[in-house]
Amino acid sequence: MMKHIPVLLDAVKKELGDIRGRTVVDCTFGAGGYSRAFLESGAKVIAFDRDTNVSKDAEELKNQYGEKFRFINESFTEIKQLYQDDFDDVVFDLGISSMQIDNGNRGFSFRFDAPLDMRMDTRMDGTAYDLIKNLTEAELADILYEYGDIKKSHMFARLLKKELPQTTFQLCDLIKNPNDIAPIFQALRIAVNDEMGQIKSALSSVHDLLRSGGKCICVTFHSLEDRIVKNTFRKWTEISGNPRLPIIEAPKYKMLKTALPLAEELEKNPRARSAHMRGVQKV
Ligand SMILES: C[S@@+](CC[C@H](N)C(=O)[O-])C[C@H]1O[C@@H](n2cnc3c(N)ncnc32)[C@H](O)[C@@H]1O
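Values in this document were obtained by computation on a predicted structure and should not be read as measured data.

So, how was this worked out
Residues numbered from 1 in each chain as written. Predicted model: local features only at pLDDT ≥ 70, side-chain atom pairs only at ≥ 80, totals over all residues. Heavy atoms only, no water. Helix = DSSP H or I, 4+ residues; strand = E, 2+ residues; numbered from the N terminus. Polar contact = N/O pair within 3.5 Å; in protein donor to acceptor, adjacent residues only side chain to side chain. Contact = heavy atoms within 4.5 Å. Core = buried A, V, L, I, M, F, W, Y, C linked by side-chain atoms within 4.5 Å. Buried < 20%, exposed > 50% of the residue type's maximum accessible area, 1.4 Å probe, protein only. Domains from an automatic or database assignment. Buried area = accessible area lost by both parts, 1.4 Å probe. Salt bridge = Lys/Arg side-chain N within 4 Å of Asp/Glu carboxyl O.

1. A short note on the side chain of His4
With respect to the helices and strands, His4 occurs in the segment before helix H1 (9-16). One polar contact links the side chain of His4 to the main-chain amide nitrogen of Ser98, over a distance of 3.0 Å. If we skip the residues at most four places from it in the chain, His4 touches Ala31, Asp93, Ile96, Ser97, Ser98 and Met99.

Structure follows, in structure tokens:
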């Protein structure tokens, strides 16, 4: 299985600047590419990941860096449990890792036949199969439309409810049109893992917790994630109150640079193609 190649890491490092002696929260540990780079730059790292399969890489970093590295095998929404003094900067590298998509048993990929699971955190209930079984046809159609941009969402929802596919290949056989397969897998995965809800919740905690001078940087992989991050950061950096009235509140955050992968990175790692980095800094 191919190790996950960190995406936009140089851009993230550049935007974070000198992190020697700072504590960076890596919200999405994955294979630890970001965490390792931050540690090598002289920072301390607190890393989250809700996938229990990543703990071996985390142990390796723990052995190497000791107290400088702490791993929390939970959702990054648990950042709300940290105190303001615990960290300086926060980084999210959202979406799914190469290890998850390339693991033939987890149901994330239509290339392998596997139970229709798709849970990042296998300690939680609710596989993709359970989702199809338990949602109403209308709820399922909404998910396909919203998270997969599937035009015939009602037709597919009806079909899935009727046939209740239990494996990835059974699902592919039902969908038939190859163009609809990837978006339907994506929609189910986003719903199973409540990906949009988790980002919103974690960003809201970061807003309150980040201390002055701290940066929050997000790398997103599709337009839905990017829209949430973009709109959230816009709100944080906007002047609040009625600009015509004398009492207006200066924004607590300023916008940092955005970045897209360069041709050079895309050549080495085609999975970086839809990546988008955005950041803010608390003033
Ligand atoms: C794109 S990978 C991160 C790769 C990492 N930056 C690296 O360099 O190896 C995304 C990781 O985030 C994790 N993840 C996604 N949503 C999460 C959440 N809500 N809480 C914690 N981890 C999450 C996934 O399990 C996956 O391992």
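2. Comments concerning the nonpolar core
Val25, Ile79, Val90, Phe92, Leu203 and Cys216 are the most contacted members of the largest nonpolar core, which totals 57 residues. Top contributing element to this core by residue count: helix H9 (residues 178-192), with eight residues. Both domains that meet at this core, namely domain 1 (9-99 + 195-282) and domain 2 (122-192), each give it at least three residues. Contacts of Leu203, omitting those with residues within four sequence positions, involve Phe92, Cys216, Cys218, Val229, Thr232, Phe233 and Trp236. Core analysis: the second largest hydrophobic core is formed by 28 residues, Tyr34, Val45, Ala47 and Tyr65 among them.

3. Thoughts on the environment of Ala47
Looking at the element boundaries, Ala47 is found in strand S2 (residues 44-48). Counting along the chain gives 16 residues from Ala47 to Ala31, while the straight-line C-alpha distance between them is 11 Å. Look past the residues within four positions of Ala47 in its chain and what remains in contact with it is Asp26, Phe29, Ser35, Phe69, Arg70, Phe71 and Ile72.

4. Quick notes on the domain arrangement of the chain
Domain parsing of the chain yields domain 1 (9-99 + 195-282) and domain 2 (122-192). Across the domain 1 to domain 2 interface the summed buried area is about 760 Å²; carbon plus sulfur atoms make up 47%. The largest contributions to the domain 1 side of the interface with domain 2 come from Thr52, Glu195 and Leu224, which together make up 52% of the buried area. Applying the counting rule to domain 1 against domain 2 returns one salt bridge. For Arg189, the salt bridge identified is with Glu195, shortest N-O distance 2.8 Å.

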